[in-house]
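The residues making up each chain are set out below.
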Amino acid sequence: ITSGLSAYPHFYRVKRGCMLSDIGFYWKILIIFLFLVFIPADVVSSAQSSAYQSDWGFSLQYFKWEEEGEGGIELVEETGLLYGLTQQLAYRNNFFGWREEVSFFYGEMDYDGYTWTMAPIRTDVRYIGADAFFDLEPAYQWRSGFLVKGIAGLGGRLWLRDLDSTKTETGIRVGGAEEWWWSIYGRVGAGLEYPLWQFGRIFADAGIKVPIYARNEAAFFVGESSEVHLEPEQEISPFIHLGWRWKKIRLRFFYDTLRFDDSDTEESGGYELYQPESDADMIGGDLSWTFCW
């Protein structure tokens, strides 16, 4: 099977009448707010000392994988939960900062798809893998504690997609497959943080993954064909993180994606095989404990 390889299947509004005094009051509030937020520190005050910050925690995410064939036909849909462990280390010194993160995940998905002959099938798919990135984060902070930063870095993802053997509705056996996927991409975006004083800080990051390289090495059992190496073209993929820090606790929610276009066709054992257009969507959160020094 392949994801579409598919041996297994295409396993693959200003109110009128306001008093002038009311308007003046609102302008004062607005001016005070802008002053607190946008008056900068003395070229990022030296009070902002160098600091390392490390987060260790666990994550839970809803994962969805889809593959689409010619004419927009949905060939595969996989859905389920991924459970993970996360580690992040960050450093900041005035304008300069960097951040790295590594996460490991495992989960079992429900697979709904078709064989090469378009017979509908269902089975289970196991995912195990890791994500990692390293970002440079130039930043500027105002007296209020409001911080804006840029994001520029490099990331990657490696995972095993292990599909179980199954049978069609008529009892015909369909063999499973193992696919080793990996992708490398650039990361470009921006982020911000805002203090809530005794209630911690809120933060948000958003950006895109810029394609560099992707590969799918699939092993399956169909006739004389047992292995094929495919290079689906990775596309720009967005990501968003929203979170809250309080004392030593970090709570973060995220939406992450991976987008791939069709691969070129490869011949293996007399079969013409390819990886169809594929999309991964991940929605979840993680809870971490923070160490600073």
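Residues numbered from 1 in each chain as written. Predicted model: local features only at pLDDT ≥ 70, side-chain atom pairs only at ≥ 80, totals over all residues. Heavy atoms only, no water.

**Q** Run through the overall build of the chain, naming residues and quoting values.
**A** Helix and strand content of the chain: 1 helix and 17 strands. Going through the 293 residues of the chain one by one, you find that 46% of them count as buried. When the accessible surface of the chain is summed, it comes to about 15700 Å², and 64% of that surface belongs to carbon and sulfur atoms. (Helix = DSSP H or I, 4+ residues; strand = E, 2+ residues; numbered from the N terminus. Buried < 20%, exposed > 50% of the residue type's maximum accessible area, 1.4 Å probe, protein only. Areas by Shrake-Rupley, 256 points an atom, 1.4 Å probe, with all protein chains shown as cover.)

**Q** Provide a residue-level description of a negative patch on the surface, including the pertinent values.
**A** A cluster of acidic side chains, namely Glu233, Glu235, Asp264, Glu266, Glu267 and Glu272, defines a negative patch on the protein surface. Inspection of the secondary structure puts glutamate 233 in the loop between strand E11 (225-230) and strand E12 (234-235). (Patch = residues over 30% accessible without salt bridge, like charges linked within 9 Å, V, L, I, M, F, W, Y side chains within 5 Å. Salt bridge = Lys/Arg side-chain N within 4 Å of Asp/Glu carboxyl O. Lys, Arg positive; Asp, Glu negative; His and termini not counted. Charge placed at Lys NZ, Arg CZ, Asp CG, Glu CD.)

**Q** Residue-level account of the side chain of serine 144, with values.
**A** In this fold, serine 144 is placed in the loop between strand E5 (139-141) and strand E6 (147-163). Side-chain polar atoms of serine 144 contact the backbone nitrogen of phenylalanine 146, separated by 3.3 Å. (Polar contact = N/O pair within 3.5 Å; in protein donor to acceptor, adjacent residues only side chain to side chain.)

**Q** Any chance you could break down the packing of aromatic side chains for me, citing the residues and the numbers?
**A** Two numbers describe a pair of aromatic rings. These are the distance of the centres and the angle of the planes. Taken as a whole and judged by the stated rule, the model has 17 aromatic pairs. A ring pair is formed by tryptophan 181 and phenylalanine 260, whose centres lie 5.1 Å apart and whose planes are at 55°; its orientation type is tilted. Placement of tryptophan 181 in strand E9 (residues 177-195) and of phenylalanine 260 in strand E14 (residues 249-260) is noted, with a sequence separation of 79 residues between them. Neither residue differs from the other here; tryptophan 181 and phenylalanine 260 are each classed as buried. An aromatic cluster of at least three residues, connected via ring pairs, comprises Tyr52, Tyr91, Trp98, Phe134 and Trp293. Sitting over the ring of phenylalanine 133, arginine 187 keeps its end group 3.8 Å from the ring centre. (Phe/Tyr/Trp six-rings, centres within 6.5 Å; stacked < 30°, edge-to-face > 60°. Lys NZ or Arg CZ within 6 Å of the ring centre and 35° of its normal.)

**Q** Help me get a handle on the pattern of salt bridges, residues and values and all.
**A** If you walk through the whole model with that rule in mind, you get 25 salt bridges. A salt bridge links glutamate 77 to lysine 64; the shortest N-O distance between them is 3.8 Å. Highlighted residues: glutamate 77 in strand E2 (residues 74-93) and lysine 64 in strand E1 (residues 51-68), separated in sequence by 13 residues. For glutamate 77, a relative accessible area of 24% translates into the label partly exposed. Judged by relative accessible area, lysine 64 falls into the partly exposed class, the value being 26%. Residues arginine 126 and glutamate 108 are paired through a salt bridge, measuring 3.9 Å at the closest nitrogen-oxygen approach.

**Q** Run through the confidence of the model for the chain, naming residues and quoting values.
**A** Per-residue confidence for the chain averages 85 on the pLDDT scale, and 81% of its residues sit at or above 70. Confidence drops under pLDDT 50 across residues 1-22; counting only partners more than four residues distant or on other chains, this segment forms 104 contacts. Low confidence marks residues 36-50, where pLDDT is under 50. Its contacts with residues over four positions away, or in another chain, come to 31 contacts. (pLDDT = per-residue confidence, 0-100. Contact = heavy atoms within 4.5 Å.)

**Q** Any chance you could break down the pairing of strand E13 (residues 237-246) for me, citing the residues and the numbers?
**A** Alternating positions in E13 separate cleanly, Ser237, Phe239, His241, Gly243 and Arg245 being buried on one face and Pro238, Ile240, Leu242, Trp244 and Trp246 remaining unburied on the opposite face. Where E13 lies against E14, 8 bridges are found, and the strand directions are antiparallel. Among the inter-strand pairings, arginine 245 is bridged to a residue of E14, identified as arginine 250. (Pairing = 2+ DSSP bridges.)

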